[in-house]
Amino acid sequence: MKDLDAIAPLGSPEREVLARIPPDRLPRHIAIIMDGNGRWAQQRGLPRVEGHRAGIRAVREAVETAARLEVEALTLYAFSTENWKRPRWEVRTLMGLLKEYLKKELHVLVENNIRFRPIGRIGELEEEIQRGLERAVTATQGNTGMLFQIALNYSGRAEITDLVREAVRLAAAGTLDAGAIDEAWVSAHLTTAGTPDPDLLIRTSGEQRLSNFLLWQVAYTELHITPVLWPDFRARDVIAAVADFARRERRFGGVLEGGSEGAEGEASEGER
Ligand code: FPP
């Protein structure tokens, strides 16, 4: 684990929490639904967009903390296919913040050995953003550390729909046989191909929904819901979520090895 003090000095409680987590209990992939920007702004009598602006610091801190925890991948849900329904000014501000982020924060990714990959219907974003994303991908493609995936104009249903279309197209062209499609094929053809499924999904602001995020990939992901609003989310909150994850017993629909219900025939059909 790298030096976390370089981002935000940790208090001794967080330091102790971190020291108690066995390295093999750390998640490989953390996904985050960043929520609560609007409420954060509202609580301060500010326009909603100020919440998004304040959320940039939380993005930076989450990215750097995850990189220093040496997780393999971090995926942030920045803009969904449904977010186009928001007021035009809010959408424009979010796109503006994204452009600014790509300009100002690229060096943070480069310096932290982070690889960058946007996921979603990127071709539908404005050209300047597509160019900025492309630049970030190119500048970080030789990096060997954490993969930072940012979901933009993304939704799980859109991703699956696009994949079904592609499969039908390939089948019609005679290059794909229906029998060749299995779960591994699907995983390997989603936009997240090559990335392990998220082990931990964090959602801020207390909402208990998946909101169309990584629907295929989160089949067995552990959920951590925190009341903290996104602009207030800090390194200590990443560590609290990771510590919560480290205490979970993951069964992937089976039973725990050596557990009392491990004997043949005893596992109930409804085991989850
Ligand atoms: C949800 O809060 C947040 C979003 C829809 C956008 C997240 C965007 C950022 C954190 C800033 C931009 C990020 C980058 C990487 C440039 P909400 O507005 O739904 O909050 P509310 O539920 O309180 O209204």
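Whatever comes next refers back to the structure up there.
Criteria and thresholds
- Residues numbered from 1 in each chain as written.
- Predicted model: local features only at pLDDT ≥ 70, side-chain atom pairs only at ≥ 80, totals over all residues.
- Heavy atoms only, no water.
- Buried < 20%, exposed > 50% of the residue type's maximum accessible area, 1.4 Å probe, protein only.
- Helix = DSSP H or I, 4+ residues; strand = E, 2+ residues; numbered from the N terminus.
- Pairing = 2+ DSSP bridges.
- Phe/Tyr/Trp six-rings, centres within 6.5 Å; stacked < 30°, edge-to-face > 60°.
- Axes fitted to C-alpha atoms, helices over the stretch in contact; angles between N-to-C directions.
- Parallel < 35°, antiparallel > 145°, perpendicular 65-115°, else oblique.
- Left-handed = near helix turned anticlockwise from the far one by under 90°.
- Contact = heavy atoms within 4.5 Å.
- Nonpolar A, V, L, I, M, F, W, Y, C, P; charged D, E, K, R; others polar.
- Salt bridge = Lys/Arg side-chain N within 4 Å of Asp/Glu carboxyl O.

A word on the pairing of strand β4 (residues 147–154)
- Judged by how many residues are buried, β4 sits mostly within the fold: eight of eight residues are covered.
- Alignment of strand β3 (residues 115–119) against β4, held across five bridges, turns out to be parallel. Paired with I119 across the strands is A151, a residue of β4.

Details of the packing of aromatic side chains
- Using the criterion set out here, one finds seven aromatic pairs in the structure.
- Measuring from ring centre to ring centre gives 4.2 Å for Y77 and F213, while their planes differ by 10°; the resulting arrangement is stacked. Taken as a pair, Y77 in strand β2 (residues 73–80) and F213 in the loop between β5 (200–203) and β6 (222–225) lie far apart in primary sequence, 136 residues in all.
- Taking the relative accessible area as the measure of exposure, Y77 reaches 7% and is therefore buried.

Focus on the packing of helix α3 (residues 48–68) against helix α4 (residues 88–104)
- Relative orientation of the contacting elements α3 and α4 amounts to 30°, with a least axis distance of 10 Å. One element, α3, and the other, α4, form an angle in the roughly parallel class. Taken as a pair, α3 and α4 cross one another with a handedness that is right-handed. Residues R48, V49, H52, R53, I56, V59 and V63 of α3 touch α4, and the partners they reach there are W89, E90, T93, L94, L97 and Y101.
- Tallied by class, the residues present in the contact of α3 with α4 amount to eight nonpolar, two polar and three charged.

Thoughts on the pattern of salt bridges
- As enumerated under the stated definition, the model contains 25 salt bridges in all.
- A salt bridge links K103 to E128; the shortest N-O distance between them is 4.0 Å. Of this pair, K103 sits in helix α4 while E128 sits in helix α6 (residues 127–140), placing them 25 residues apart in sequence.
- Accessibility expressed as a relative area gives 61% for K103, which makes it exposed.
- For E128, a relative accessible area of 36% translates into the label partly exposed.
- Taking the shortest distance from any N to any O, the salt bridge between E166 and R169 comes out at 3.0 Å. Linking E166 with R169, this pair stays in helix α7 (residues 156–172), spanning three residues, or about one helical turn.
- On the accessibility criterion, E166 (32% relative accessible area) is partly exposed.

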